[in-house]
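Structural overview for review
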Amino acid sequence: MAKIASAFAVGLLFGLGLLVSGMANPAKVLAFLDVTGRWDPSLALVMAGAVAVSAAGYLIARRRRRPLLAPRLEIPTRRDLDPRLITGAAIFGVGWGLAGLCPGPALTILTVVPAQAATFVAAMVVGMLLFRLVPSAASKPSAVQGVDA
Amino acid sequence: MDGFTPLSATLGGLMIGASAAVFLLLNGRVAGISGILGGLLARPSRETGWRIAFLAGLVLAPLVYAGLGGSLPPVTVATSFPLLVFAGLLVGFGARLGAGCTSGHGVCGIGRGSPRSLVATGTFMAVAILTVLVTRRLLGA
């Protein structure tokens, strides 16, 4: 129960952070990606702030014996670069650049612009289901449940 | 530079980072949205509850934001519906094939110094910038 409550609180804080930072607004994300236009560097500061705190959290978590609510850390351990990683990231990049939406913001704005966000989220879920048809997708370490980056 | 919002961007970034840090310290998990959502598409398991709770928190964030007295920042989706469908398919498929998205690779993975996440983030950033360049500048969309 505590695990579920903390997941809810963490998801809520994540969504509030997306709203405060402006990253829940696809137009603002596209303004960052549009480097030859009227460039808005805000996304770089969002990433810098987020990475700094997430790195601190990781350093603390690694020194502790275990997380407070779980028996162990479940984080990705692979360090090799494989074609799937690069291909997947590139496909993701095309979609992100077309709409300015990625999974977190798309879910966060479901109640704000319901028709557009739900359309994108539904297509995204279909895309995720299509991935399951990729041969050996389920047995690849990169697809192990819950340890995706 | 147009519409640059350094203060709110930094504050929001710190909140996103804090969310990832707390999740690691409490639940021992990576706050990667595509991984959390993708895991729900498998058979229900002991993992199902916290995954739904996390996503519910995300979805309810605008209501809580407004409830706390904040006026919601503008959200502008200028993309047509057919293009939203195409983009959504690519984002969903690509995030699973590439084992992560902006949150999992960009925020959590880079925070851990993961070489895979650095390469993935560099790749999707570069490709997204190129995509915007082609659609906005060359095709004039």
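Residues numbered from 1 in each chain as written. Chains lettered and ligands numbered in written order. Predicted model: local features only at pLDDT ≥ 70, side-chain atom pairs only at ≥ 80, totals over all residues. Heavy atoms only, no water.

Another point: the UniProt feature "transmembrane region" (unreviewed entry) in chain A. In this structure's numbering, the residues bearing the UniProt feature "transmembrane region" (unreviewed entry) are residues 41–61, 81–101 and 107–131 of chain A. Annotation note: span residues 81–101 of chain A, helix share 81%, strand share 0%, distance between end C-alpha atoms 25 Å. (UniProt positions renumbered as here; feature names shortened; annotations may be inferred. Helix = DSSP H or I, 4+ residues; strand = E, 2+ residues; numbered from the N terminus.)

Quick look at the nonpolar core now. Trp96 and Phe120 of chain A together with Phe54 of chain B are the most contacted members of the largest nonpolar core, which totals 71 residues. Two domains each put at least three residues into this core: domain 1 (1–75) and domain 2 (81–142) of chain A. Setting aside anything within four residues of it in sequence, one finds Phe120 of chain A in contact with Ala99, Leu101, Cys102 and Ala106 of chain A together with Leu84, Ala87, Gly88 and Val91 of chain B. (Core = buried A, V, L, I, M, F, W, Y, C linked by side-chain atoms within 4.5 Å. Buried < 20%, exposed > 50% of the residue type's maximum accessible area, 1.4 Å probe, protein only. Domains from an automatic or database assignment. Contact = heavy atoms within 4.5 Å.)

Any pair of aromatic rings gets described here by the distance separating the centres and the angle formed by the planes. Evaluation of the coordinates by the stated rule reveals 8 aromatic pairs over all chains. Ring geometry for Phe131 of chain A and Phe93 of chain B: centres 6.4 Å apart, planes at 75°, overall edge-to-face. Of this pair, Phe131 of chain A sits in helix α6 (residues 114–131) while Phe93 of chain B sits in helix α4 (residues 81–97), on two different chains. In this structure Phe131 of chain A comes out as buried when scored by relative accessible area, which is 4%. (Phe/Tyr/Trp six-rings, centres within 6.5 Å; stacked < 30°, edge-to-face > 60°.)

At the interface, 111 residues of chain B touch 111 residues of chain A. Overall, the association of chain B and chain A removes approximately 10,200 Å² of surface from exposure, summing both partners, and the carbon and sulfur fraction of that is 76%. When residues of chain B are sorted by the area they lose upon contact with chain A, Arg96, Leu97 and Arg116 of chain B head the list and together hold 8% of the total. One can count 4 salt bridges joining chain B with chain A. Close ionic contact of Asp34 of chain A with Arg136 of chain B constitutes a salt bridge, the shortest N to O distance being 3.0 Å. Inspection of the region where chain B meets chain A yields 20 residue pairs in polar contact (both at pLDDT 80 or more). Those elements that place two or more of their residues in the side of chain B that touches chain A are α1 (6–26), α2 (33–40), α3 (48–67), α4, α5 (102–111) and α6 (115–138) of chain B. Across the side of chain B that touches chain A, the residue classes tally to 67 nonpolar, 36 polar and 8 charged. (Buried area = accessible area lost by both parts, 1.4 Å probe. Salt bridge = Lys/Arg side-chain N within 4 Å of Asp/Glu carboxyl O. Polar contact = N/O pair within 3.5 Å; in protein donor to acceptor, adjacent residues only side chain to side chain. Nonpolar A, V, L, I, M, F, W, Y, C, P; charged D, E, K, R; others polar.)

Space left empty within the atom packing is revealed by a probe, the size of a water molecule, rolled over the atoms. Counted under the stated rule, the structure contains 3 cavities of 30 Å³ or more. Considered as a void within the structure, the largest cavity measures approximately 220 Å³ in volume. Elements represented by at least two residues in the lining of the largest cavity include exactly α1 (2–21), α3 (42–63) and α5 (103–108) of chain A together with α5 of chain B. When grouped by side-chain class, the residues that make up the lining of the largest cavity number 14 nonpolar, 4 polar and no charged. Two domains each donate at least three residues to the lining of the largest cavity, and these are domain 1 (1–75) and domain 2 (81–142) of chain A. (1 Å grid on protein atoms, 1.4 Å probe; cavity = no way out; pocket = protein on both sides within 12 Å on 5 of 7 lines; lining within 4 Å. Points joined across faces, edges and corners; volume = space filled by probe spheres on them.)

Moving on, we get to the environment of Leu84 of chain B. Following the sequence through the fold, Leu84 of chain B ends up in helix α4. Not counting chain neighbours up to four residues away, the residues in contact with Leu84 of chain B comprise Ala99, Leu101, Gln116, Thr119, Phe120 and Ala123 of chain A together with Val77 and Thr79 of chain B.

Below, the discussion takes up the state of the cysteines. Overall, the coordinates contain 0 disulfides over all chains when judged by the stated rule. For the unlinked cysteine Cys101 of chain B, the closest cysteine sulfur is that of Cys102 of chain A, found at 6.2 Å. When its relative accessible area of 1% is taken as the criterion, Cys101 of chain B is described as buried. With no disulfide of its own, Cys108 of chain B lies 8.9 Å from the sulfur of Cys101 of chain B, the closest cysteine sulfur. (Disulfide = S-S within 2.5 Å.)

What follows is about α1 of chain B. Residues and elements named next belong to chain B. Compared with the 30 Å implied by 1.5 Å per residue over 21 residues, the 30 Å span of α1 between its first and last C-alpha is a close match. Listed as buried for α1 are Ala9, Gly12, Gly13, Met15, Ile16, Gly17, Ser19, Ala20, Ala21, Phe23 and Leu24. One or two steps after α1, the chain reaches Gly28, where phi turns positive at roughly 70°. (Expected span 1.5 Å × (residues − 1).)

Another aspect to go through is the domain arrangement of chain A. Residue and element names in this part refer to chain A. According to the domain assignment, chain A contains domain 1 (1–75) and domain 2 (81–142). Taking only C-alpha atoms, the centre of domain 1 and the centre of domain 2 are 18 Å apart. Contact residues are listed per partner, giving 10 residues for domain 1 and 9 residues for domain 2. Summing the contributions of domain 1 and of domain 2, the shared interface buries around 730 Å²; its carbon and sulfur component is 81%. The interface formed by domain 1 and domain 2 holds 0 salt bridges in total. Between the two partners, domain 1 and domain 2, sit 0 residue pairs in polar contact (both at pLDDT 80 or more).

With that settled, the discussion passes to the environment of Arg136 of chain B. Along the polypeptide, Arg136 of chain B turns up in helix α6. For Arg136 of chain B, a relative accessible area of 30% translates into the label partly exposed. A distance of 3.0 Å separates polar atoms of two side chains, one belonging to Arg136 of chain B and the other to Asp34 of chain A.

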